[in-house]
Amino acid sequence: MPFRMKPVDVVLVGAGLTASVLGKELAEAGHTVVALERGRMRQTVPDFQSPAMHDELKHSIRHALMEDVSVQTLSFRNFPSQRALPMRQLGSFLPGQGVGGAMVHWNGQTWRFQPSWFRLRSWANDKYGKNFLSDEVTIQDWGLTYEELEPYYSFFEHVCGTSGNPYKGGSGGPSNPFEGTRSQPYPNPPMKQSYSGYLFEQAANKLGYHPFPVPSSNVTRHYTNQFGAEFKPCMYCGFCEDYGCEHFAKASPQVAILPFALANKNFELRTESYVTRVNFDAKAKVATGVTYVDARGREVFQPASLVALCAFAHHNPILMLQSGIGTPYDPKTRKGTVGRNYTYQTISGIDVFFDDDKHINPFMGAGALGTAINDFNNGSFDHSGLGFVGGAYIAAYQTNGRPIQYHPVPHGTPRWGLKWKQAVAKYYGSAVHLIVHGSSTPHPNNYLGLDRNYSDAFGNPLGMLTFDFSYNDRLMSNFVTQKAQEIGQAMGGSHVDATWLDEHYSIVPYQTTHNTGGAIMGENPTTSVVNKYLQSWDLHNLWVVGACAYPQNDGYNPTGTLGALAFWAADTLVNKYMRNPGPLVHT
Amino acid sequence: MGRFSRRDLLRTAGAAGAAAAVTHVGESRAQYAPPAYGEQPQHAALPRQPGHPEAATASPIHNENVLFFFNQDEAKFVRAAVDRLIPADEKWGGAEAAGVLYYIDHQLAGAYGAGARMYLKGPWQPDAPYEQGYQLKYSPADLYHVAIAEIRHYVRKQHGNKEFWDLSSDDMDKALKAIESGEAQLSSIPSEVFFETLLANTIEGYFCDPAYGGNRDMVSWRMIGFPGAYAQYVGLVDQFGVNYTREPLSIASSYVRMSEHKQHG
């Protein structure tokens, strides 16, 4: 029998972004909250300090701040008839482990999704007709509009001290003409521009596009957020993604949100605690708490009146499947909801090499230091005759020049030997990379399930990911990559190399940690797991607060939307649900 | 815990036993004097740079040319192979001079070699498609042992019983290409999987912080112009095309960095 803890009002699975938001808001509203984090406590001081933080091998190669797959991983295959095999080491994506989760080692690129993305099915039908897409493009409306979410986007940007144009007290400067209406400007002015961003901007302007500085939660001046958290300005050290920020400049839960939960006597954080199951009463249709393995290795039951799944994106639906909650999605019948509409991000890129010594100085970087155009995201251009929905932004980011991973050479250079080495020496300071950061639409074959051939350290079956790039997303990616190639050519380099989307998605090379879907929100329990408030259709006191809720992933980094959704859900919990628990949407 | 039983001693995780450690704590404490602020710690693993003031103060006890993992033959193979992957040219040393052999040896002797943070449970599928990633049963350490033995066998068969490290540079490159493409058929592993591991570890050892035993004299950082572990470029990032010429900085030079911070406020 598991060891039984004293009941609490709320138990949170995880202690990353969404758990920090819910933990703070619910504790301050007077509810007792326990957050269960599988990793360790981590704080800016002393854990993220120099010189140890500036160690590429430890952090980018050996993944010091990330998930330990020897304990918990998933298996992977490209299509349902293939045999899935375990992800034996990290590669394609890098979930965090430890307090703060993946928002410790993110880059800080803080985008909003476009209004059209929240009602993508209706938007596509209205604009291009019902026969524009095949029935394999299983996009759907979120049940939530941009207008409803907008105040929470703004609130989250103020929590993070996000910088960009327009900003409070600012007098203009180029901004994103293709975003939805905003109620408030960014709280801080944009980042400085790097040389690579300048070269991109010149070329994009020449071609008639609309370049602007990327919205960044690498804070650009001394800043205090609405809770009283203090930030210091970004130092452009070039150790951002994969690293904790030593400067209190990158918004993370421990800088911006979590201290206010930890300061509240209603909030308790338990680290080294792996949640293995959500317990529920099938008759009463309520969750009763969670079972976890604690820091001593004991199995423990934590009873709670409300359970919120706040783990990294795909862990939430996998935990639901392991617990037997809801109907698992079946790709054969296309029925069931848990695991359905897993999506990702469709990434390609252009490398521009200059033969003269440009001194781009790639090491002078920051996670969200970049110049972008948004002319080719979903709502920005006409898809008539193109046969796909979605889009991508194109950006020149200057995040880092850490040399184990960053040593670009033109296509056709040998992979090793003298010629390779000489090309590395020649082009390290004279190359600019453009990313094509594309949307990901769902496909009936792409989903999360369970793999009973492999188990994790606790004896649970591994989650199983089936994913490949869809036809829709291939068309999109090739279309926007060609536009990026034209910009690259206008930048005047001696070599302009396109890296097109791979034939198949691979779990091996790093692409992005933007895993989305699998426990999606929607208007209908037959095609979604949670309603517009992120409340489970099956168990009204189970809430699933993660990027797993996105019915499809837009061509932007997902954290801005995730932060907004977390505050939206927290507001609903505090002001509606906790006062009168029960289903908030009736069908 | 107040009680200390013999039974508890036997249950330590991968350590030699707490009792021995306890008796030594006092001794080592007595001998260890922490460096004053701004002073080099005596045990720092510093890159030797001719003419650099740190070279003279480094402890003679620290010897970065120790092999913990490879036997002599394995070391000969790795030394020769990594220097073909990243050879010397007239200006910049190659992987051998950069200490890549010792970097890889030390990595394989530790957690990385043992497969820490890898999921290594069976069943395995060694012929899995590339997209599904590494699917061998071997930890990195075991992979090196098995692969090097089988590659040496392959090379001896191809080259009249000659070892890899006795071949001409051209023949070494040809052998490496056969290993890279999978054309070199080994009995226990797909040769290309080992090749990719060796290439990745070689690049790590050539470009890593010199504190790890590779990138000696910060040769690769000087070659490309990467300054290392500095903590800020806020005043330079928007001055386009600056030729940045400051001496690169290792994480092992933290005391240097800290005293600089002090000067600059």
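Calculation notes
- Per chain, residue numbering runs from 1 following the sequence as it is written.
- Numbering of ligands from 1 and lettering of chains from A proceed in the order in which they are written.
- The model is predicted, so local features are restricted to residues of pLDDT at least 70 and side-chain atom pairs to those at 80 or more, both for listing and for counting; the totals for chains, interfaces and linings are taken over all residues.
- By definition, any uninterrupted DSSP run of H or I lasting at least four residues is a helix, any uninterrupted run of E lasting at least two residues is a strand, and each is numbered from the N terminus.
- Partly exposed residues are those whose C-beta has more than 12 but fewer than 20 other C-beta atoms within 10 Å; with 20 or more the residue is buried, with 12 or fewer it is exposed, and the C-beta atoms are placed from the backbone.
- Placing C-beta atoms from the backbone, we regard two residues as in contact once those atoms come within 7 Å.
- Pairing between two strands is assigned when DSSP locates at least 2 bridges connecting them.
- Between the N-to-C directions of two axes lies an angle of 0 to 180 degrees, each axis being a line fitted to C-alpha atoms and, for a helix, fitted only over the stretch in contact.
- Just so you know how the angles are binned, under 35 degrees is roughly parallel, over 145 roughly antiparallel, 65 to 115 roughly perpendicular, and the rest oblique.
- Definitions for this section: a left-handed crossing has its near helix turned counterclockwise from the far helix by less than a right angle. A right-handed crossing has that turn clockwise.
- Residue type decides the class: Asp, Glu, Lys and Arg count as charged, Ala, Val, Leu, Ile, Met, Phe, Trp, Tyr, Cys and Pro as nonpolar, and the leftover types, Gly among them, as polar.
- Confidence scores labelled pLDDT are given residue by residue by the predictor and lie between 0 and 100.
- The span one expects for a helix is its residue count, reduced by one, times 1.5 Å.

**Some details on the overall build of chain B**
Scanning chain B from N- to C-terminus turns up eleven helices and zero strands. Listing the helices and strands of chain B from first to last along the sequence gives α-α-α-α-α-α-α-α-α-α-α. Looking at chain B residue by residue over its 265 residues, the buried ones come to 34%. For chain B, long-range pairs separated by at least 24 residues make up 55% of all intrachain contacts whose partners lie at least 6 apart in sequence.

**Overview of the environment of Q135(B)**
Mapped onto the secondary structure, Q135(B) falls in the loop between α6 (111–114) and α7 (140–158). Residues Q135(B) and I179(B), 44 residues apart in the sequence, show an inter-C-alpha distance of 18 Å. Those residues within four positions of Q135(B) in sequence are excluded, and the remaining contacts are L85(A), R88(A), W124(B), Q125(B), P126(B) and A128(B).

**A closer look at the interface of chain A and chain B**
Taken residue by residue, the interface counts 55 residues in chain A and 50 residues in chain B. Those elements that place two or more of their residues in the side of chain A that touches chain B are α3 (56–61), β4 (74–77), β5 (85–86), α7 (195–206) and α11 (418–427) of chain A. Among the elements that line the side of chain A that touches chain B, the one with the most residues is α11(A), at five residues.

**Some details on the sheet that holds strand β17 (residues 447–455) of chain A**
Residue and element names in this part refer to chain A. Strand order in the open sheet formed by four strands is β5-β4-β18-β17, with mixed pairing between adjacent strands. Of all the strands in the sheet, the pair left with one neighbour each is β5 and β17. Judged from the four bridges that link them, β4 and strand β18 (residues 461–466) form a sheet pairing that is parallel. Counterpart to R77 in the pairing with β18 is T466. In the packing of helix α10 (residues 315–323) onto the sheet, contacts are made with β4, β17 and β18, and the angle to β17 comes to roughly 60 degrees.

**What to know about unusual backbone geometry**
Residue and element names in this part refer to chain A. With omega at 10 degrees, the peptide bond leading from V45 into P46 counts as cis. Looking at where P46 falls in the secondary structure, it is placed in helix α2 (residues 44–47). N165 connects to P166 through a cis peptide bond whose omega is -5 degrees. Of note, K285 is a non-glycine position whose phi angle comes to about 55 degrees, a positive value. Counting through the fold element by element, K285 comes out in the loop between β10 (274–281) and β11 (286–293).

**Examining the pairing of β10(A)**
All names here are of chain A. Relative to β11, β10 is paired through seven bridges, and the arrangement is antiparallel. Bridged to N279 within β11 is G289. Adjacent in sequence and paired antiparallel, β10 and β11 are bridged by four residues, among which K285 carries a positive phi angle near 55 degrees.

**Digging into the sheet that holds strand β14 (residues 370–373) of chain A**
Residues and elements named next belong to chain A. With respect to topology, six strands assemble into an open sheet ordered β6-β14-β15-β16-β13-β19, the strand pairing being antiparallel. On the outer flanks of this sheet lie β6 (212–213) and β19 (495–499), each paired with one strand and no other. Pairing of strand β13 (residues 346–353) with strand β16 (residues 431–438) involves eight bridges; the strand directions are antiparallel. Note on β16: the bridge partner recorded for D351 is H433. Across the sheet, helix α12 (residues 471–490) lies against β13, β15 (392–397), β16 and β19, angled at about 155 degrees from β16, the strand it touches most.

**Considering the packing of helix α1 (residues 17–28) of chain A against helix α13 (residues 559–575) of chain A**
Two quantities define a packed helix pair, namely the angle between the helix axes and the distance between the axes. Residue and element names in this part refer to chain A. Contact geometry of α1 with α13 gives a least axis separation of 9 Å together with a crossing angle of 30 degrees. With respect to each other, α1 and α13 are oriented roughly parallel. For the element pair α1 and α13, the recorded crossing hand is right-handed. Residues L17, T18, V21, L22, E25 and L26 of α1 touch α13, and the partners they reach there are L562, G563, A566, F567, A570, L573 and V574. Residue composition of the contact of α1 with α13, by class: ten nonpolar, two polar and one charged.

**Some words on the environment of S506(A)**
Counting through the fold element by element, S506(A) comes out in the loop between β19 and β20 (542–544). Here S506(A) falls in the partly exposed class, since 18 other C-beta atoms lie within 10 Å of it. For S506(A), the residues in contact, after removing those within four places along its chain, are S92(A), Y130(B) and E131(B).

**Some words on the packing of helix α4 (residues 72–85) of chain B against helix α5 (residues 100–109) of chain B**
Residues and elements named next belong to chain B. In contact at an axis separation of 9 Å, α4 and α5 are set at 125 degrees when each is read in the N-to-C sense. Comparing the axis directions of α4 and α5 gives the class oblique. As α4 packs across α5, the resulting crossing turns out to be right-handed. Packed against α4, whose contacting residues are A75, V78, R79 and V82, the element α5 presents V100, L101 and I104 at the interface. Its residues placed into classes, the contact of α4 with α5 shows six nonpolar, no polar and one charged.

**Section: the pairing of β14(A)**
Residues and elements named next belong to chain A. The alternating pattern of β14 places G370 and A372 on one face and T371 and I373 on the opposite face, and all of these are buried. Pairing of β6 with β14 involves two bridges; the strand directions are antiparallel. Residue P213 lies in a different strand from β14, and its bridge partner there is T371. Taken together, the four bridges between β14 and β15 define a ladder with antiparallel strand orientation. Paired with I373 across the strands is I394, a residue of β15.

**Topic: the confidence of the model for chain A**
Considering every residue of chain A, the mean pLDDT works out to 97; 100% of them sit at 70 or more. Here α2(A) is the element of chain A with the lowest mean pLDDT, 96, and strand β3 (residues 33–36) of chain A is the one with the highest, 99.

**Some details on the environment of L262(A)**
All names here are of chain A. Here L262 shows up in helix α9 (residues 258–262). On a C-alpha basis, the gap between L262 and G16 in space is 13 Å, while along the polypeptide they are 246 residues apart. In this structure, L262 is in contact with F267 and L269, ignoring residues within four places of it in sequence.

**A closer look at helix α6 (residues 146–160) of chain A**
Residues and elements named next belong to chain A. A rise of 1.5 Å per residue sets the reference length of α6, with its 15 residues, at 21 Å; its end C-alpha atoms lie 20 Å apart and thus fit the reference within 8%. Within α6 the residues assigned to the buried category are Y146, L149, Y153, S154, F156, E157, V159 and C160. Among the structural elements, α4 (115–118), α8 (253–256) and α13 are those in contact with the buried residues of α6. Just beyond α6, the residue with positive phi is G161, at close to 65 degrees.

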